[in-house]
Amino acid sequence: MGEVPLARLWQLPDGTSCLLLKDPGAENWQIRVLRGAETIRTERFGSPIVAMDQAKQWRLTYEPAVQTSN
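Here the structure is a predicted model, which means the values were calculated and not measured.

**A closer look at the packing of aromatic side chains**
The geometry of an aromatic ring pair is captured by two quantities: the separation of the ring centres and the angle between the planes.
Okay, so step 1: One pass over the full model with this rule turns up one aromatic pair.
Okay, so step 2: Relative to Y62, the ring of W10 has its centre 6.3 Å away and its plane inclined at 35 degrees; by these criteria the two rings are tilted. One end of the pair, W10, is in strand 1 (residues 4-11); the other, Y62, is in helix 1 (residues 48-69), and 52 residues separate them in sequence. Each of the two residues, W10 as well as Y62, counts as buried.
Okay, so step 3: Between the NZ or CZ atom of K22 and the centre of the ring of W29, over which it lies, the distance is 5.3 Å.

The rules behind the values
Residues numbered from 1 in each chain as written. Predicted model: local features only at pLDDT ≥ 70, side-chain atom pairs only at ≥ 80, totals over all residues. Heavy atoms only, no water. Phe/Tyr/Trp six-rings, centres within 6.5 Å; stacked < 30°, edge-to-face > 60°. Helix = DSSP H or I, 4+ residues; strand = E, 2+ residues; numbered from the N terminus. Buried < 20%, exposed > 50% of the residue type's maximum accessible area, 1.4 Å probe, protein only. Lys NZ or Arg CZ within 6 Å of the ring centre and 35° of its normal.

Spelled out as structure tokens, the structure:
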């Protein structure tokens, strides 16, 4: 069985989004940043809380690019 998407943590107006995923056969959690069908960034974490905190930081990385392009 593959990764199961559990939540969309955030989504930006340009279509960039961040998902929290869990592989039932693994002990870790994954966050993945997507823009359309393209994976921009992904990382694995031992805790979902740590993963969600990191996702908040990543949003700050991608959000200013959207704001300055308007």
